[in-house]
Each structure stands twice: as structure tokens, then as C-alpha cells.
Amino acid sequence: MTPEAIAQQVQMQLHEIVEAKGSRSGLKQAFASIARKTGLTDGQIKRLFYGEWSVIPAHIFLSVERLYRNHLESMRARAEHEAALYRARSEEWDRKWGDCSFNGTSASHAGVPVVRSTERSISESLHNG
């Protein structure tokens, strides 16, 4: 990787971390938080965030990489937790309400209406009299 590519990668990673926290409006606070976690200064984080460095020293790059890996792990764990919550809500809904349908149809998992009727079809009625 070129030094410029590394600088762009670090900038992208910092933007992703800040956006995931919803701290876009409070960048100064986000920079301070990232600085504490990486051991870098607020000013270094700010310059990295805005892409002001063309060459990033290895120890700074490694600090941001470590933070980014932790960020990804945290986001993965959060996504798994949210997925488990939604599965539990869905299962609770199914237990409580069962397969509710409107006009004899309900949505299948693929989003295609499924017709559930005990009445014979018109063609069956015509053939069987």
C-alpha cells in the first residue's frame, strides 16, 4: 500500500467510527474519545480525520487499526444482539397472535401472499358437481 492509500484508509476508518457513534454534530467530543482510546492527541485525530497527513507513522496507524478492529467487533456484537431481540419479538408475536391473516391470506417469509382456505376451489366444484 502507498502512504496515500494508508492515509485514506485511516481517514475512512475514523469517519466510520464517528458516524457509528452518531457523533457527527459533536466532532470535538468524538475526537477526544478516540484520542483517549488510541493514546493519540485530539489534534492528531483531527488531522487524521480531515486527511491532513500524507504519511502516517506506523505507531499511529497501528493505534487506529487496533481501535477500528475493536469498533468492528463491537458493531458485530451489537448487530447480533439486535438480531436476537428481533427474533425474540417475532417469536413472541407468533406465540401471541399466531398466523393472523386478512382475507384468507398471510405473508410468507418471502413476502408472497399464501392463500389458506378450506373451501373447494371453483374448478374443483365444477368438475365434481
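All values reported here derive from a predicted model rather than from experimental measurement.

1. Considerations on the overall build of the protein
- What the protein contains, in helices and strands, is five helices and two strands.
- Sequence-ordered secondary structure for the protein, helices as α and strands as β, is α-α-α-α-β-β-α.
- Taking all 129 residues of the protein together, the buried fraction comes to 26%.
- For the protein, the share of sequence-separated contacts (at least 6 apart) that also reach a separation of at least 24 residues comes to 47%.
- Looking at the protein as shown, the accessible area adds up to about 9,600 Å², and 55% of this sits on carbon and sulfur atoms.

2. Describing the packing of aromatic side chains
- Under the counting rule described, the total for this entry stands at four aromatic pairs.
- Look at Phe31 and Tyr50: their rings are 6.2 Å apart centre to centre, the planes differ by 85°, and that puts the pair in the edge-to-face class. Separated by 19 residues along the polypeptide, Phe31 in helix α2 (residues 27-38) and Tyr50 in the loop between α3 (42-49) and α4 (58-97) bring together distant segments of the chain.
- Grouped by ring-pair contacts, the aromatic residues Phe31, Phe49 and Tyr50 constitute a single cluster.

3. Remarks on α3
- Among the residues of α3, Gln44, Ile45, Leu48 and Phe49 are the ones counted as buried. All buried residues of α3 project into a common sector of 135° when viewed along the axis, lining one side.
- Remark: Gly51 follows α3 within two positions and exhibits a positive phi of approximately 70°.

4. Digging into the pattern of salt bridges
- What the rule picks out here adds up to two salt bridges.
- Among the ionic pairs, Glu73 bridges to Arg76, the shortest N-O distance being 2.3 Å. On the criterion of helical spacing, the pair formed by Glu73 and Arg76 is a turn pair, its members being three residues apart in helix α4.
- Residue classification places Glu73 among the partly exposed residues on the basis of a relative accessible area of 41%.
- The residue Glu80 makes a salt bridge to Arg76 at a minimum N-O spacing of 2.4 Å. With Glu80 and Arg76 both in helix α4, this residue pair falls four residues apart, about one helical turn.
- With a relative accessible area of 44%, Glu80 lands in the partly exposed category.
- Through salt bridges with shared partners, a single ionic network connects Glu73, Arg76 and Glu80.

5. Here we look at the side chain of Gln44
- Residue position: Gln44 is located in helix α3.
- Taking relative accessible area as the criterion, Gln44 reaches 18% and is therefore assigned buried.
- Every residue in contact with Gln44, bar those within four places of it in the chain, is listed here: Trp53 and Ile60.

6. A word on the packing of helix α1 (residues 3-21) against α4
- Between α1 and α4, the least distance of the axes is 10 Å, while the angle of their chain directions is 40°. With respect to each other, α1 and α4 are oriented oblique. Between α1 and α4 lies a crossing whose hand is left-handed. Side by side, α1 and α4 meet where Ile6, Gln9, Val10, Met12, Gln13, Leu14, Glu16, Ile17 and Ala20 of the first sit next to Phe61, Val64, Glu65, Leu67, Tyr68, His71, Leu72, Met75 and Arg78 of the second.
- Within the contact of α1 with α4, the residues separate by chemical class into 12 nonpolar, three polar and three charged.

Rules and cut-offs
- Residues numbered from 1 in each chain as written.
- Predicted model: local features only at pLDDT ≥ 70, side-chain atom pairs only at ≥ 80, totals over all residues.
- Heavy atoms only, no water.
- Helix = DSSP H or I, 4+ residues; strand = E, 2+ residues; numbered from the N terminus.
- Buried < 20%, exposed > 50% of the residue type's maximum accessible area, 1.4 Å probe, protein only.
- Contact = heavy atoms within 4.5 Å.
- Areas by Shrake-Rupley, 256 points an atom, 1.4 Å probe, with all protein chains shown as cover.
- Phe/Tyr/Trp six-rings, centres within 6.5 Å; stacked < 30°, edge-to-face > 60°.
- Arc of directions from axis to C-beta.
- Salt bridge = Lys/Arg side-chain N within 4 Å of Asp/Glu carboxyl O.
- Axes fitted to C-alpha atoms, helices over the stretch in contact; angles between N-to-C directions.
- Parallel < 35°, antiparallel > 145°, perpendicular 65-115°, else oblique.
- Left-handed = near helix turned anticlockwise from the far one by under 90°.
- Nonpolar A, V, L, I, M, F, W, Y, C, P; charged D, E, K, R; others polar.

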